[in-house]
Amino acid sequence: NNSEPVLMMLFGATGDLAKRKLYPAFFRLFRQQVLNDHFAVIGTARRPWSDDHFREVVADAIADQNPTEPEQSAFLQHFYYQSHDVGDASHYQTLAKLADKLDQQYQLAGNRMYYLAMAPRFFGQIVTQLKAAKIIDTAGFNRVVLEKPFGTDYESANKLSQELTQVFPEKDIFRIDHYLGKEMIQNILTLRATNSLLESQWSNQYIDNVQITFAEALGVEQRGGYYDQTGALKDMVQNHILQVLSLLAMELPTKMSEAAIRTGKVAALKAVRIYNADEVAANFVRGQYTAGSLNNEQFAGYREEPAVDPKSRTETFVAGKFQIDNERWQGVPFYVRTGKRLTEKGTRINIVFKNLTANAEIATQNVLTIYIQPTEGFSLSLNGKALDNQSTTTPIRLSYRHDSQMMANTPEAYERLLHDVITGDATNFTHWDEVAQSWRIVDTIRQAWDQDDQPLPTYAAGTMGPKAAFDLVAKNDNQWIWQP
Ligand code: NAD
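Residues numbered from 1 in each chain as written. Predicted model: local features only at pLDDT ≥ 70, side-chain atom pairs only at ≥ 80, totals over all residues. Heavy atoms only, no water.

With 108 residues, the main nonpolar core has Met 9, Leu 130, Leu 248, Phe 322 and Phe 334 as its most contacted residues. When residues in this core are grouped by element, the largest group, twelve residues, is from helix α9 (residues 224-249). If sequence neighbours within four positions are ignored, Phe 334 has contacts with Val 210, Leu 245, Leu 248, Ala 249, Gly 320, Lys 321, Phe 322, Ile 324 and Trp 329. (Core = buried A, V, L, I, M, F, W, Y, C linked by side-chain atoms within 4.5 Å. Buried < 20%, exposed > 50% of the residue type's maximum accessible area, 1.4 Å probe, protein only. Helix = DSSP H or I, 4+ residues; strand = E, 2+ residues; numbered from the N terminus. Contact = heavy atoms within 4.5 Å.)

As structure tokens, this is what we get:
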């Protein structure tokens, strides 16, 4: 087992992310002995909690994993709480002392990981203070982990990146995109790299179009305040969707190293055409949900949601066509779409192949579907002879899904990603070069929309988006594929 000693300093220890994702993931890693006797966690937030109270909160967060009594107490004795205001320099002195003490006590070799489970506006000051208080001056590794959003446009992202790199070198900055921890996203490169059946066809010669759909059934729920300032383009396209696109479009390196994969992804993103305002209008559509119903359930419109401006022009849906200007992909539309209050929750990729046989008129296009969530697996549609007729064909789908029992035993996204941070593998994290290029791509779309005062297209809650999204693909004689 791969166990490195490590001190984990968690900023935002009383928050939602910590309770729902991080403590459960720490416990799974503890059970597998990735975390063994040589780890300690310092939880910090403003509230004046005791270690005992903190341990109760952590115990609650792992209760559904049914730890045995000895297991739980062995785990919890590694947890310490320090009340801390991130803006107060003197508090970092207290943290420094506690960190050194725990380093001795648990023999942590000076290895430290700082998890910033807090609003991004705090990131800059936290890392600056970590440096000023010499907390990061240890013999071991010092890695910082943060969550999106990484800025709200290229400029703010760049400013944040500069603040971070004044303290941590890029190789020690781990930007989490939790989709990159998902089984089937990690499977994209394996599918491509190990199936000559697929990789030999992976270009504009054989592929007609690529579709990436991130559909959500939920509305904005309690996040209206945040979401209304953000919108679907920045919340989903800038990060998750462009990450998936880069994995699909990149040139496969001959050797799958962290550096080679990153180089490939960055090159793919750099080949994505950056649109001017006219091209945005021709290739991207947005929409906002209005009241609607599905399966006898009624949903309010977006503008009626809590904490949303009743005159909001924020998009809850985006569909677009990206074009990749390189030899492999010239002429192949990469369609993407994402939205809230659609008919169902589902993240899927469809690779639609060209119909190139001499019998094209009786054949349908082959489609490779990669199911990312909630079901995970893939399917491939082929044409076979119809049983009842000599001359026609019928589509046949070869389909594979991981079953839920198998999935229960695979690591969760946060567990994989935390494991990667501890072992120092940044393959499944977002490098600054990727963040920067993704913002350049998305910023011009946002700017074009901000200058456009036409009424926003709408769609009824419980449908798959505005009519304009269907027209967008129909213009190229394509259609969205959405099969169970
Ligand atoms: P939260 O509001 O539940 O928690 C924020 C934490 O920060 C709390 O522990 C709070 O005490 C602490 N805090 C706030 N001001 C402080 C200060 N001045 N000094 C010290 N501590 C302070 O937020 P969250 O949902 O846990 O999200 C944290 C970050 O992770 C956010 O940036 C969010 O965008 C991101 N994120 C969250 C989720 C999620 O599932 N909750 C998913 C993806 C990304």
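A few words on helix α1 (residues 16-31). For α1, with 16 residues, the first-to-last C-alpha span of 23 Å sits near the 22 Å given by 1.5 Å per residue. The largest bend along α1 reaches roughly 35° and is located at Leu 22, with the proline Pro 24 sitting one to four residues downstream. Of all the residues in α1, the buried ones are Leu 17, Ala 18, Leu 22, Tyr 23, Pro 24, Ala 25, Phe 26, Phe 27, Leu 29 and Phe 30. Following α1 by one or two positions, Gln 33 adopts a phi angle in the positive range, close to 65°. (Expected span 1.5 Å × (residues − 1). Bend = angle between axes of the 7 residues up to and from the residue.)

To continue, consider the site of the ligand. For the ligand, the set of nearby residues contains 19 residues, the closest of which are Thr 14, Asp 16, Leu 17, Arg 20 and Met 118. A distance of 3.4 Å separates an oxygen atom of the ligand from a polar backbone atom of Gly 12. Measuring from a nitrogen atom of the ligand, one finds a backbone N or O atom of Val 86 at 3.1 Å. Taken by itself the ligand offers 830 Å² of open surface, and the protein chains cover 74% of this. (Near = heavy atom within 4 Å. Polar contact = N/O pair within 3.5 Å; in protein donor to acceptor, adjacent residues only side chain to side chain. Areas by Shrake-Rupley, 256 points an atom, 1.4 Å probe, with all protein chains shown as cover.)

Helix-helix packing is characterised by the crossing angle of the two axes and by the distance between the axes. Contact geometry for helix α6 (residues 154-165) and helix α14 (residues 432-450): axes closest at 9 Å, N-to-C directions at 165°. Between α6 and α14, the angle falls in the class roughly antiparallel. For the pair α6 and α14, the sense of crossing is left-handed. Each of Tyr 154, Ala 157, Asn 158 and Ser 161 in α6 lies in contact with α14, whose residues at this interface are Trp 432, Val 435, Ala 436, Trp 439, Arg 440 and Asp 443. When its residues are assigned to classes, the contact of α6 with α14 shows six nonpolar, two polar and two charged. (Axes fitted to C-alpha atoms, helices over the stretch in contact; angles between N-to-C directions. Parallel < 35°, antiparallel > 145°, perpendicular 65-115°, else oblique. Left-handed = near helix turned anticlockwise from the far one by under 90°. Nonpolar A, V, L, I, M, F, W, Y, C, P; charged D, E, K, R; others polar.)

Reading across the sheet, the nine strands line up as β16-β15-β14-β13-β7-β12-β11-β8-β17 and stay open at both edges, with mixed pairing between neighbours. Sheet topology places β16 (393-401) and β17 (458-460) at the edges, where each strand pairs with a single neighbour. Direction aside, the axes of adjacent strands within the sheet are offset by 20° on average. Here six bridges tie strand β7 (residues 207-215) to strand β12 (residues 334-339), and the two strands are oriented parallel to one another. Each residue of the ladder has a partner; that of Ile 212, found in β12, is Val 336. With respect to the sheet, helix α7 (residues 183-194) is in contact with β13 (346-353), β14 (367-373) and β15 (377-385), its orientation differing from that of β14 by roughly 150°. (Pairing = 2+ DSSP bridges.)

From the geometry alone we can't say anything about function, so treat these as descriptive.
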